[in-house]
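# Commentary on secondary and tertiary structure
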Amino acid sequence: MAEKEWSAVLVAPNKIEMQQFDIPEIGPEEGLLKIEMCAVCGTDPKAYHGKLDWFKLPMILGHEVVGRIAAVGEIAARRWGVKKGDRVVADSSQPCLHCYYCRMGMHRWCENRVGWRVPCDVPPYIWGGYGEYQYLPPGSQIYKISESISSEEAVLINAVIANGIQWVRLAGGASIGDAVLIMGMGAQGMAATIAAKESGASPIIVTGLTGDEPRFELVKRFGADYTINAEKEDVLQVVGDLTDGRLADIVVEVAGSPEVIARTIDLVRVQGTVVCCSIVGSDVRVPLDTDKIAQREIRFQGVFTNDHKAMRAAIKLVESGKYPVGEIISHRFPLHQAEEALQASGGDIPGIKPIRSALVP
Ligand SMILES: [Zn+2]
Ligand SMILES: [Zn+2]
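This text gives an overview of the structure that appears in the document. What you see is a predicted model, and the numbers here were worked out from it, not measured in a lab.

## Here's the deal with the packing of aromatic side chains
Tallying each qualifying case throughout the model produces six aromatic pairs. Measuring from ring centre to ring centre gives 6.3 Å for Phe21 and Tyr125, while their planes differ by 25°; the resulting arrangement is stacked. Highlighted residues: Phe21 in strand 2 (residues 15-22) and Tyr125 in the loop between strand 7 (114-115) and strand 8 (133-136), separated in sequence by 104 residues. Judged by relative accessible area, which is 33%, Tyr125 ranks as partly exposed.

## A word on the environment of Arg68
Within the fold, Arg68 resides in strand 4 (residues 64-72). In this structure Arg68 comes out as partly exposed when scored by relative accessible area, which is 31%. Put simply, Arg68 and Leu33 are 35 residues apart on the chain and 5.5 Å apart in space, counted from C-alpha to C-alpha. What Arg68 contacts, discounting residues up to four positions off in sequence, is Leu32, Leu33, Lys34, Gly85, Asp86, Arg87 and Glu147.

## Examining unusual backbone geometry
Residue Pro123 is joined to Pro124 through a cis peptide bond whose omega torsion reads 0°. Residue Pro203 is bonded to the preceding Ser202 through a cis peptide linkage, with omega at -5°. Relative to the helices and strands, Pro203 is located in the loop between helix 6 (187-198) and strand 11 (204-208). The residue Asn14 is not glycine, and still its phi comes out positive at about 65°. Looking at the secondary structure, you find Asn14 in the loop between strand 1 (4-12) and strand 2. Non-glycine residue Leu97 carries a positive phi angle of around 70°.

## Quick notes on the nonpolar core
With 55 residues, the main nonpolar core has Ile145, Leu156, Ile157, Ile161, Val180, Ile182 and Val252 as its most contacted residues. A total of eight residues in this core trace back to one element, the largest contributor, which is helix 5 (residues 157-171). Viewed by domain, this core spans two of them, domain 1 (4-158 + 307-360) and domain 2 (173-302), each represented by three or more residues.

## Some thoughts on the packing of helix 5 against helix 11 (residues 308-320)
Interhelical geometry of helix 5 versus helix 11 gives an angle of 115° and a closest axis separation of 8 Å. By the angle between their directions, the pair helix 5 and helix 11 is classed as roughly perpendicular. Crossing of helix 5 against helix 11: the hand is right-handed. Residues Ile157, Asn158, Ile161, Ala162, Ile165, Gln166 and Leu170 of helix 5 pack against Lys309, Ala310, Met311, Ala313, Ala314, Ile315, Leu317 and Val318 of helix 11. Considering only residue class, the contact of helix 5 with helix 11 consists of twelve nonpolar, two polar and one charged.

Reading guide: rules and limits
Residues numbered from 1 in each chain as written. Chains lettered and ligands numbered in written order. Predicted model: local features only at pLDDT ≥ 70, side-chain atom pairs only at ≥ 80, totals over all residues. Heavy atoms only, no water. Phe/Tyr/Trp six-rings, centres within 6.5 Å; stacked < 30°, edge-to-face > 60°. Helix = DSSP H or I, 4+ residues; strand = E, 2+ residues; numbered from the N terminus. Buried < 20%, exposed > 50% of the residue type's maximum accessible area, 1.4 Å probe, protein only. Contact = heavy atoms within 4.5 Å. Core = buried A, V, L, I, M, F, W, Y, C linked by side-chain atoms within 4.5 Å. Domains from an automatic or database assignment. Axes fitted to C-alpha atoms, helices over the stretch in contact; angles between N-to-C directions. Parallel < 35°, antiparallel > 145°, perpendicular 65-115°, else oblique. Left-handed = near helix turned anticlockwise from the far one by under 90°. Nonpolar A, V, L, I, M, F, W, Y, C, P; charged D, E, K, R; others polar.

Listed below in structure tokens is the structure:
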């Protein structure tokens, strides 16, 4: 009889159930990850509340994962350069390498992608990171990481930090001397600040709300030159004063709020770039001043997850220990409290406002 493991399953909107699954037999091109920690992504509470129509249930959420190789097939071991026991992070989706988008080098839009968003009624079931084990399908992109970094640091590599690098530097084009305005002090705001700092941006300005006040000092340790409380100060006035009236070269929106996304257009300079990072929910429409986008030739850049280059950079950056990255994980929950973790991260529990929560199986 197969060994069993526990995963937290989103069975219906607002309903998580702990379920037992068989630990699958691993074929030559596959692997199995024993999960050390899985972070709660900003989109996870939206999926939990049924706000993302591209999530098909039942599903094991979780794609921000660090763990150890528990089993690996012969071919996979060779391809991935890993053996049983290695500590790794993995890309959240696995491209087929044969479809149109894969062959164009756009692996993240693979037409045959598998991975954590596959519903858990599809064998071998344990596709997501909210569990004790996660299945690694053929085509997985696996990265060995150092034993010397903490779980909290490691779990932030494959999404939060890599996204920051992808969104601010690679997609946003941040470079030496650019005035970068980062709107939002969540985990992605912190990572965006680090990426802006590493890109040589100056000044780096980060906005937060009154409830974020404990984070104002932390974001300065990540490289912010100025912080603005958007509920107490006039953001347009402050950004104007800091940029000789020209406004920000790059505005990075990581607040997750339609109002903030709409506001970015007023805060970016002529021919500047707005990087729109947030997923606000399938039923939400954001009113944008498109006249201003046209007349001021603003580049409005959407971003979603990250590529190999950003992952490699994120691993080096986190392993360098240059920034107190682990402090972004502000709350830890045992796996069986996945529902509480989602509610806390979604702002449903009064008095708790995690920067990032993480589950420990
Ligand atoms: Zn994520
Ligand atoms: Zn493909």
